[in-house]
Amino acid sequence: MIVKICGIKKIETLLCCENNGVNFFGMVFYSKSPRNININQAIELQSKSKILNINGVGVFVNENLDNLKKLVKVLNLKYVQLHGSEDNEYINQINKLNVKIIKKISIKDKEDLEELKNFQEVDYYLFDYKGSKNELPGGNSKTFDWKIIENLKLNKPWFLSGGINIENISLIKTNIKPYAVDLSSGAEKKLGIKDNQIINNLMENIHNA
């Protein structure tokens, strides 16, 4: 099972992730998020990751398209995660940048899966808890009903996100069996602050499940 840990800001956290076999690290470019990263931090992380076996993902929420293009170029991003209400016109513009696109699909009930047919031009789906208008678009420590996606057969690989932590990670690997999981709050000691020991324990559980 592929693992992505989102909201990485520090080199020591990146190294901990890589040492544990984490495949992707997410850099959040969203000012309202407690995990928001600045360009200098992102440059440092991306530069370091080039000599490691881990891939950086730029995470955006309805980002200005010109600014996103600039960040893709400056950081030499190979993966972009769209975590807002981006439409196909927006996605088609990003497809010209030669990056892989992960698109969030917010889930509350089975009818939300109908959204999948609107996003055939992306490379990966990411299923996450559908928050209220007052909640952040991700990293809320909340899950949706995973029975909705049990035995789901799709023509694209998909990530599971939302409320994943050390208590449920083994269950996810054995029962839900997503292509990948995307963790954020479940790897933190407090809001926005990743904890290396939690990451160590999480990955040990995944490897031993």
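The structure displayed is predicted, hence computed values, not measured ones.

Calculation criteria
- Residues numbered from 1 in each chain as written.
- Predicted model: local features only at pLDDT ≥ 70, side-chain atom pairs only at ≥ 80, totals over all residues.
- Heavy atoms only, no water.
- Helix = DSSP H or I, 4+ residues; strand = E, 2+ residues; numbered from the N terminus.
- Rg over C-alpha atoms; globule rule 2.2 N^0.38 Å.
- Buried < 20%, exposed > 50% of the residue type's maximum accessible area, 1.4 Å probe, protein only.
- Contact = heavy atoms within 4.5 Å.
- Arc of directions from axis to C-beta.
- Patch = residues over 30% accessible without salt bridge, like charges linked within 9 Å, V, L, I, M, F, W, Y side chains within 5 Å.
- Areas by Shrake-Rupley, 256 points an atom, 1.4 Å probe, with all protein chains shown as cover.
- Salt bridge = Lys/Arg side-chain N within 4 Å of Asp/Glu carboxyl O.
- Pairing = 2+ DSSP bridges.
- Polar contact = N/O pair within 3.5 Å; in protein donor to acceptor, adjacent residues only side chain to side chain.

## Notes on the overall build of the chain
On a plain count of helices and strands, the chain comes out with six helices and 10 strands. Its C-alpha radius of gyration of 16 Å places the chain within 12% of the 17 Å reference for a compact globule of 209 residues. Looking at the chain as a whole, 49% of its 209 residues are labelled buried. For the chain, restricting intrachain contacts to residue pairs at least 6 apart in sequence, the fraction spanning at least 24 positions comes to 55%.

## Brief notes about helix α3 (residues 65–75)
Of the residues making up α3, those classed as buried are L68, L71, V72 and L75. The arc that holds the buried residues of α3, viewed along the axis, is 100 degrees, so those residues lie on one side. Opposite its buried face, α3 presents the exposed residues D66, K70 and K73, each directed more than 90 degrees away. Residues of α3 that are buried in the fold lie against β2 (24–29), α2 (39–49), β3 (55–60), β4 (79–82) and α4 (88–95).

## Side note on a nonpolar patch on the surface
The grouping of I39, I43 and V74 at the surface amounts to a nonpolar patch, some 220 Å² of accessible area in total. Considering the arrangement of structural elements, one finds V74 in helix α3.

## Quick look at the side chain of N168
Position of N168 among the secondary structure elements: in the loop between β7 (158–161) and α5 (169–176). For N168, a relative accessible area of 12% gives the class buried. In contact with N168, other than residues within four places in its own chain, are W146 and G163.

## Brief notes about the pairing of strand β5 (residues 100–107)
The element β5 is extensively covered by neighbouring structure, given that six of its eight residues are classed as buried. Pairing geometry for β4 and β5, over four bridges, is parallel. Counted as the bridge partner of Q81 is I102 from β5. Direction of pairing for β5 relative to strand β6 (residues 124–129): parallel, over a ladder of six bridges. Of the residues in β6, the one forming a bridge with I105 is F127.

## What about unusual backbone geometry?
We note that N151 has phi near 60 degrees; this positive angle belongs to a residue other than glycine. The phi angle at K177 is positive, at roughly 55 degrees, despite the residue not being glycine. With respect to the helices and strands, the residue K177 is situated in the loop between α5 and β8 (180–183). K177 sits in the exposed class, given a relative accessible area of 58%.

## Some remarks on the environment of D195
The topology assignment puts D195 in the loop between β10 (193–194) and α6 (196–208). Since its relative accessible area comes to 19%, D195 is described here as buried. For D195 and C16, which are 179 residues apart along the polypeptide, the C-alpha to C-alpha distance reads 9.4 Å. Once residues lying within four places of it in the same chain are set aside, the contact partners of D195 are A187, E188 and K189. A polar atom in the side chain of D195 sits 3.0 Å from the backbone nitrogen of Q197.

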